[in-house]
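# Secondary and tertiary structure notes
Here's the letter readout for the chains.
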Amino acid sequence: MTTVPTIPAPSGSSATQTANAPIASLPISAANSEAAPMPTSTTSSVEATSANTWQLLGYEFPSPKDTLTATGVLLAFLIGFYTLIGRDRKSPYLTNRLFQILLLCLPAVILCLLAQVFGTSYGWSKFTANILAVSAFSFLVVALVLTFWRIYKIYMRFALFVDSASPKHLSIFRFIKSAYRRFNNTKPWEWTGIPLSETLQAKVHKIINPEGEAVDASAEQPASVAISLSQHGRANHILAELATAFLEDGKLVQYMTASRHPLEFVKYLQNHIGKNSTTKWHDIRSKIVVVDAYTRHFGYADSIYMEATTSLTRNFGVQHVTSGESFAGLHTASSVAFNKIKDQAAKGAGRQPMLVIYEDCYALADLESREQYRVFVRHVVPSERMWEGMFTVFVETAQEAADWGLLASYCDLIKIEKTGENLQ
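Description of the structure in this document. (Residues numbered from 1 in each chain as written. Predicted model: local features only at pLDDT ≥ 70, side-chain atom pairs only at ≥ 80, totals over all residues. Heavy atoms only, no water.)

## Let's talk about unusual backbone geometry
- One non-glycine residue, Phe161, lies in positive phi territory at about 60°.
- If you trace the backbone, Phe161 turns up in the loop between α6 (126-160) and α7 (171-184).
- Judged by relative accessible area, which is 11%, Phe161 ranks as buried.
- With phi around 65°, Glu388 is a residue other than glycine that occupies positive phi space.
- Structurally, the position occupied by Glu388 is in the loop between α15 (370-387) and β8 (390-397).
- We classify Glu388 as partly exposed; its relative accessible area is 45%. (Helix = DSSP H or I, 4+ residues; strand = E, 2+ residues; numbered from the N terminus. Buried < 20%, exposed > 50% of the residue type's maximum accessible area, 1.4 Å probe, protein only.)

Laid out in structure tokens, this is it:
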């Protein structure tokens, strides 16, 4: 075996002789093996990398296994979360939102399996497998964003009773707004309600009690009435009479219904005014705002309701608001309708009296819990009494006795349909 000759140290050098002997005694083959690294398998290197992170166009992203694990965790969380909600609240429209997220998670699972199994077992190219893995990860990101959005909306509904994502409803923003008003000593338009005149109050009492019989009243100036009917739609006449009295006096009318499309009542009201009043429809139609709380809950995909909604503005000229789902959606839609009235109010003038009608809101108890209806009543009736200048009408059909008792206890006037009484 050939050895490397020794190299003598230069004279006068302070280097030690220890470096010469070991190097000189090493075989050439041993020295070469020490200098050059051993070749490694390219295949094993790629497999090790793909087990941890995958790359596409120079960007790293989680492997299909990690994406699949995260998707499973998200699904477990959603099932537990919505089960908790469903146990305490009967809210099918909330659980229906779960299906949208599931339809995003399922493609993520399928794409992960294709990228992990078929990409390695069937010899697919690495680029194709990466495309599948990136697509799966994208579905997961969208599902996570949608989950955050849904939980935020649920929080707004349950905690603040609004069907809105606007941050203005959060406590910090409401505190800032209130502090600003106190600092500037300003009073917004909605706080300047003008009470009903004695003449208009007398008309309202006569319509509710045409025979002059005694009526339960819990206030010197009643601001609300609860009307119980035995058959759906029998409130047309009494509601049209109340609306006509307000419109003839130049006041505003806000009508919400959860048991039919508002177009039915608007047609009846137009005919009623044409036959029983000298007021022209085109002079008062801008003072009417209707809220459709029926279509989102019971209209489903029937196209006739879309046409009816278009007809409200095109053929009758009334303003229209579509309510969101849930009693929180009704509450928010009522506020939106109120703001439409605010937009057309004279600047600097007080808020004129208005008639606010809620027809068959109890129908939503079939989609949500009865307790939510009771919360709705407990909030709306006292709040509108505090705002002043509002006369609130609740009309209910086929309502359970306990829930009618709650509504009647909150309203100032009570009217129960008599057997054989004609309210049409």
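What follows picks up the thread again.
## Remarks on empty space enclosed by the protein
- Tallied over the full model, the rule gives two cavities of 30 Å³ or more.
- Approximately 40 Å³ is the volume attributed to the largest cavity.
- If you go around the largest cavity, the residues you meet are Val253, Tyr255, Phe265, Val266, Leu269, Ile288 and Val290.
- When residues of the lining of the largest cavity are traced back to their parent elements, those giving at least two are β4 (252-257), α10 (263-276) and β5 (288-292).
- Considering every element that reaches the lining of the largest cavity, the biggest residue donor is α10, with three residues.
- Its residues assigned to classes, the lining of the largest cavity comprises seven nonpolar, no polar and no charged. (1 Å grid on protein atoms, 1.4 Å probe; cavity = no way out; pocket = protein on both sides within 12 Å on 5 of 7 lines; lining within 4 Å. Points joined across faces, edges and corners; volume = space filled by probe spheres on them. Nonpolar A, V, L, I, M, F, W, Y, C, P; charged D, E, K, R; others polar.)

## Here's the deal with the layout of surface pockets
- Of the volumes computed, that of the largest pocket is approximately 1200 Å³.
- Lining the largest pocket are 32 residues, with His169, Glu190, His331, Ser335 and Trp387 positioned closest to its centre.
- Listed by contribution, the elements that provide at least two residues to the lining of the largest pocket are α7, α14 (327-343), β7 (354-359) and α15.
- A total of eight residues in the lining of the largest pocket trace back to one element, the largest contributor, which is α14.
- Partitioned by chemical class, the residues of the lining of the largest pocket number 13 nonpolar, eleven polar and eight charged.

## Details of α15
- With 18 residues, α15 should cover 26 Å at 1.5 Å per step; its first-to-last C-alpha distance of 26 Å lies within 8% of that length.
- Buried residues of α15: Gln372, Tyr373, Phe376, Val377, Val380, Val381 and Glu384, and no others. The arc that holds every buried residue of α15, seen down its axis, measures 145°, which confines them to one face. Away from its buried face by more than 90 degrees, α15 exposes Glu371 and Met386. (Expected span 1.5 Å × (residues − 1). Arc of directions from axis to C-beta.)

## Some thoughts on the packing of helix α8 (residues 198-208) against helix α9 (residues 236-248)
- Taken N-terminus to C-terminus, the directions of α8 and α9 make an angle of 170°; their axes are 10 Å apart at the nearest point. For the element pair α8 / α9, the angle class is roughly antiparallel. Contacts between α8 and α9 pair Leu200, Lys203, Val204, Ile207 and Ile208 from the former with Ile238, Glu241, Leu242, Ala245 and Phe246 from the latter.
- Per-class residue counts for the contact of α8 with α9 are eight nonpolar, no polar and two charged. (Axes fitted to C-alpha atoms, helices over the stretch in contact; angles between N-to-C directions. Parallel < 35°, antiparallel > 145°, perpendicular 65-115°, else oblique. Contact = heavy atoms within 4.5 Å.)

## Concerning the side chain of Glu359
- Looking at the element boundaries, Glu359 is found in strand β7.
- Judged by relative accessible area, which is 1%, Glu359 ranks as buried.
- Within the local environment of Glu359, its side chain forms a polar contact with the side chain of Tyr255, the two groups lying 2.3 Å apart.
- Here Glu359 is in contact with Ala235, Leu239, Tyr255, Met256, Thr257, Ala258, Ser259, Arg260 and Val395, once residues within four sequence places are set aside. (Polar contact = N/O pair within 3.5 Å; in protein donor to acceptor, adjacent residues only side chain to side chain.)

## Considering the packing of aromatic side chains
- Applying the stated criterion across every chain yields a total of 13 aromatic pairs.
- Arranged with centres 5.6 Å apart and planes meeting at 35°, the rings of Phe327 and Phe376 form a pair that is tilted. On the criterion of sequence distance, the pair formed by Phe327 in helix α14 and Phe376 in helix α15 is long-range, its members being 49 residues apart.
- The exposure class assigned to Phe376 is buried, which follows from its relative accessible area of 1%.
- Taken together, Phe161, Phe327, Tyr358, Tyr362, Tyr373, Phe376 and Phe394 form an aromatic cluster joined through their ring pairs. (Phe/Tyr/Trp six-rings, centres within 6.5 Å; stacked < 30°, edge-to-face > 60°.)

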